Amino acid sequence: MPASFEATLDWANARDAADPLRAFRDEFLIPPHEGRDSRLSDSTYFCGNSLGLQPRAVREAVNAELDYWGELGVEGHFKGRLPWMDYHEFVRDDLAAVVGAQPSEVVAMNTLGVNLHLMMVSFYRPTAARPAILIEAGAFPTDRYAVESQIRFHGFDPADALIELEADEPNGITSMSAIERALAEHGSRIALVLLPGVQYRTGQAFDLKAITELGHRHGCTVGFDLAHAVGNLPLQLHDSDADFAIWCSYKYLNSGPGAVGGAFVHERHAKAMLPRFAGWWGHDKTTRFQMGPEFVPTPGADGWQLSNPPILALAPLRVSLEIFRRAGIDRLREKSLQLTGYLEWLVQTQWADVLQVVTPTEPERRGAQLSIRVTGGRERGRALFEYLMANGVIGDWREPDVIRISPAPLYNRFADCLAFAEAVRGWSRSI
Ligand SMILES: *Cc1c(COP(=O)(O)O)cnc(C)c1O
């Protein structure tokens, strides 16, 4: 990392003052922290990887829909500034830009777990010769449960058909060669490769394009869980050639608890009549209201919708994506590299004997998040975590022993990273 970093508040404040994206912080509500003197100040919020902060404009956007409902009743489907009938289409272009897809390849719908199942219905088509799914060892519980239940649903045995990719580098990091070896060994039996964009516990970013190419070469379908990648890394989903992807929108996308998630279906599947679980909102838009008995899917990702969307939940997503459009995912990444680089530099130069960074050190192999382990074991880790929380430095804890700290470039500052290092100092003095 550049030696130009300095561990002083003057330096951090100067960097923040020179940050072209600094004004975006004011568009968010920063949760207050009550200090020992009972005075409130902004907490140092590093938990955008778990629940992104609320954009101030959300309240008005939700209220506007409540007003339309009150004033227009059912007519709100066709009237008002953003008629509900087409509402999911109002987020489409911005969503496509954030994930690097064509607009017809993305849809905002449901939640991550639901979308994962819907995508597997279409893209996990096991046969006796090719029954398996490859996931990473230590995958997020939902992903593992979903995969295991799909395997059973098709009458196969997870003991045989669920293949877990073991990490081959220290700290649970997986190299591309490990993925190559797994496919060389099991590829002909694998129906679906399902890997994360960014692994939730380690913070490791994966190369979607290289994995897709490899999986396709072995005749597998390839899908990605982008829960921790969307809004964090610039993605090129279309060019990656992945078959599908799914994500949630309450993490880096700041769209609120339980927000509407998303799905990507590559253009080459747009018109293929892939088997799917169907609902009326996925029916060809032009004839949907003829209410015919035969399901004709809308081409593209829209054809996987089941229900008419929750407008009150889509309003925050629309507001959040509009912020991403103005900030630009590439500019955000540029700042993110600096912010996370600074946080890592502080840890390595000041606390290398106490804190161990689990996340890869190469910037291209990670996003905003640093996963940190405390030397001396789990109890010391818990103690530091609780000290940080009590002092308004908000990260999160992932069992067995990881503290996740994620500076989000939309609202975090260089001064926040310094505040983390200062809080660690406070803790180390207190023990
Ligand atoms: C956050 C997260 C989920 C959450 O799933 P929901 O259906 O949104 O509750 C699933 N998988 C991964 C990898 C995650 O990081």
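Residues numbered from 1 in each chain as written. Predicted model: local features only at pLDDT ≥ 70, side-chain atom pairs only at ≥ 80, totals over all residues. Heavy atoms only, no water.

Engineer: Give me the lowdown on the side chain of Arg404, citing residues and values where you can.
Structural biologist: Along the chain, Arg404 turns up in strand β17 (residues 402-405). Looking at Arg404, its side chain comes within polar contact range of the main-chain oxygen of Tyr200, at 2.9 Å. Separated by 2.6 Å, the side chains of Arg404 and Asp396 make a polar contact. (Helix = DSSP H or I, 4+ residues; strand = E, 2+ residues; numbered from the N terminus. Polar contact = N/O pair within 3.5 Å; in protein donor to acceptor, adjacent residues only side chain to side chain.)

Engineer: Quick one: what's the story with the pattern of salt bridges, residue by residue and with numbers?
Structural biologist: Oppositely charged side chains are able to pair whenever their charged atoms sit close together. All chains considered together, the criterion is met by 29 salt bridges. Each member of the salt-bridge network shares a partner with another, and the members are Arg25, Asp42, Arg413 and Asp416. (Salt bridge = Lys/Arg side-chain N within 4 Å of Asp/Glu carboxyl O.)

Engineer: Report on the site of the ligand, specifying residues and quantitative values.
Structural biologist: Close contacts around the ligand come from Leu112, Gly113, Phe140, Asp143, Asp225, Ala227, His228, Cys248, Tyr250 and Lys251, and that covers them all. One of the side-chain nitrogen or oxygen atoms of Asp143 is found 2.8 Å away from a nitrogen atom of the ligand. Side-chain polar atom of Tyr250 to an oxygen atom of the ligand: 2.6 Å apart, as the coordinates give it. Considered class by class, the residues forming the shell around the ligand number five nonpolar, two polar and three charged. (Near = heavy atom within 4 Å. Nonpolar A, V, L, I, M, F, W, Y, C, P; charged D, E, K, R; others polar.)

Engineer: Could you give an account of the UniProt feature "binding site: pyridoxal 5'-phosphate" (unreviewed entry) in the chain, with specific residues and numbers?
Structural biologist: Under the UniProt annotation, the feature "binding site: pyridoxal 5'-phosphate" (unreviewed entry) is placed at Leu112, Phe140, Pro141, Thr142, Asp143, Asp225, His228, Tyr250, Trp280 and Asn308. These annotated residues cover 197 residues of sequence, and their C-alpha atoms reach 31.1 Å apart at the extremes, leaving them scattered rather than at a single site. Tracing the backbone through its elements, the reader meets Leu112 in helix α4 (residues 112-123). Here Leu112 is in contact with Thr142, Asp225, Ala227, Ile246, Trp247 and Cys248, once residues within four sequence places are set aside. When its relative accessible area of 30% is taken as the criterion, Thr142 is described as partly exposed. (UniProt positions renumbered as here; feature names shortened; annotations may be inferred. Contact = heavy atoms within 4.5 Å. Buried < 20%, exposed > 50% of the residue type's maximum accessible area, 1.4 Å probe, protein only.)

Engineer: Kindly report on helix α7 (residues 176-186), identifying the contributing residues and their values.
Structural biologist: Every buried residue of α7 is listed here: Ala178, Ile179, Ala182 and Leu183. Across the axial projection of α7, the buried residues extend over an arc of 135°, all falling on one side. Seen from the buried face of α7, the exposed residues on the opposite side, beyond 90 degrees, are Ala184 and Glu185. At its buried positions, α7 is contacted by β7 (132-136), β8 (162-165), β9 (190-196) and α8 (208-217). (Arc of directions from axis to C-beta.)

Engineer: Now, about unusual backbone geometry: what can you tell me, with residues and values included?
Structural biologist: Residue Pro400 is bonded to the preceding Glu399 through a cis peptide linkage, with omega at 5°. Phi at Ser38 takes a positive value of approximately 70°, unusual for a residue other than glycine. Note that Ser38 resides in the loop between β2 (32-34) and β3 (40-42). Positive phi, close to 75°, is recorded for Asp241, a residue that is not glycine. With respect to the helices and strands, Asp241 occurs in the loop between α9 (237-240) and β11 (244-247).

Engineer: Tell me what's going on with the layout of surface pockets, and back it up with residues and numbers.
Structural biologist: Taken as a whole, the largest pocket holds about 380 Å³ of empty space. Looking at the largest pocket, it is lined by 17 residues, and the ones nearest its centre are His33, Ser41, Asn391, Gly392 and Val393. Residue assignment for the lining of the largest pocket shows that the elements contributing at least two residues are β2, β3, α12 (378-390) and α13 (414-430). Looking at side-chain class alone, the lining of the largest pocket contains five nonpolar, seven polar and five charged residues. (1 Å grid on protein atoms, 1.4 Å probe; cavity = no way out; pocket = protein on both sides within 12 Å on 5 of 7 lines; lining within 4 Å. Points joined across faces, edges and corners; volume = space filled by probe spheres on them.)

Engineer: Kindly report on the packing of aromatic side chains, identifying the contributing residues and their values.
Structural biologist: All told, the structure shown has 18 aromatic pairs when counted by the stated rule. Relative to Trp11, the ring of Phe5 lies with its centre 5.8 Å away and its plane at 85°, an arrangement referred to as edge-to-face. Each of the two residues, Phe5 as well as Trp11, counts as buried. Consider the rings of Tyr342 and Trp345, whose centres lie 6.1 Å apart with planes at 15°: the pair is stacked. One end of the pair is Tyr342 and the other is Trp345, both in helix α11 (residues 329-350) and three residues apart, which spans about a single turn. Pair check on accessibility: Tyr342 and Trp345 agree, each one buried. The ring of Trp281 has Arg288 lying over it, and the distance from NZ or CZ to the ring centre is 4.0 Å. (Phe/Tyr/Trp six-rings, centres within 6.5 Å; stacked < 30°, edge-to-face > 60°. Lys NZ or Arg CZ within 6 Å of the ring centre and 35° of its normal.)

Engineer: Please provide a residue-by-residue account of the domain arrangement of the chain, values included.
Structural biologist: What the domain assignment reports for the chain is domain 1 (9-46 + 328-430) and domain 2 (61-326). The centre of domain 1, based on its C-alpha atoms, is set 29 Å off from the matching centre of domain 2. Tallying the contact residues gives 30 residues for domain 1 and 24 residues for domain 2. Taken over both partners, the interface formed by domain 1 and domain 2 buries close to 2,200 Å², and the fraction arising from carbon and sulfur atoms is 52%. Interface area lost by domain 1 to domain 2 is led by Ile329, Arg365 and Gln369, which between them contribute 26%. The tally of links from domain 1 across to domain 2 stands at two salt bridges. The salt bridge involving Glu27 is made with Arg326; its shortest N-O contact spans 2.9 Å. One can count 13 residue pairs in polar contact (both at pLDDT 80 or more) joining domain 1 with domain 2. Sorting the residues of the side of domain 1 that touches domain 2 by element identifies α11, β13 (355-357), β14 (370-374) and β17 as the ones contributing at least two each. (Domains from an automatic or database assignment. Buried area = accessible area lost by both parts, 1.4 Å probe.)

Engineer: Explain the packing of helix α10 (residues 311-327) against α11 to me, using residue names and the numbers behind them.
Structural biologist: Relative placement of two packed helices is described by the angle separating their axes and the distance separating the axes. It is the contact of α10 with α11, at a shortest axis distance of 6 Å, that shows an interaxial angle of 75°. The angle between α10 and α11 places the two elements in the roughly perpendicular class. Counting all contacts with α10, which are made through Phe324, Arg326 and Ala327, the residues of α11 involved are Ile329, Arg331 and Leu332. The residue makeup of the contact of α10 with α11, split by class, is four nonpolar, no polar and two charged. (Axes fitted to C-alpha atoms, helices over the stretch in contact; angles between N-to-C directions. Parallel < 35°, antiparallel > 145°, perpendicular 65-115°, else oblique.)

Engineer: Tell me what's going on with the packing of α12 against α13, and back it up with residues and numbers.
Structural biologist: Two elements in contact, α12 and α13, have axes whose closest approach is 10 Å; the angle formed by their N-to-C orientations is 120°. Regarding the angle of α12 to α13, the classification is oblique. Both α12 and α13 take part in a crossing whose hand is right-handed. Note on element contacts: α13 touches α12 through Phe420, Ala423, Val424, Gly426, Trp427 and Ser430, opposite Arg380, Ala383, Leu384, Tyr387 and Leu388. Here the contact of α12 with α13 is built from residues that sort into eight nonpolar, two polar and one charged. (Left-handed = near helix turned anticlockwise from the far one by under 90°.)

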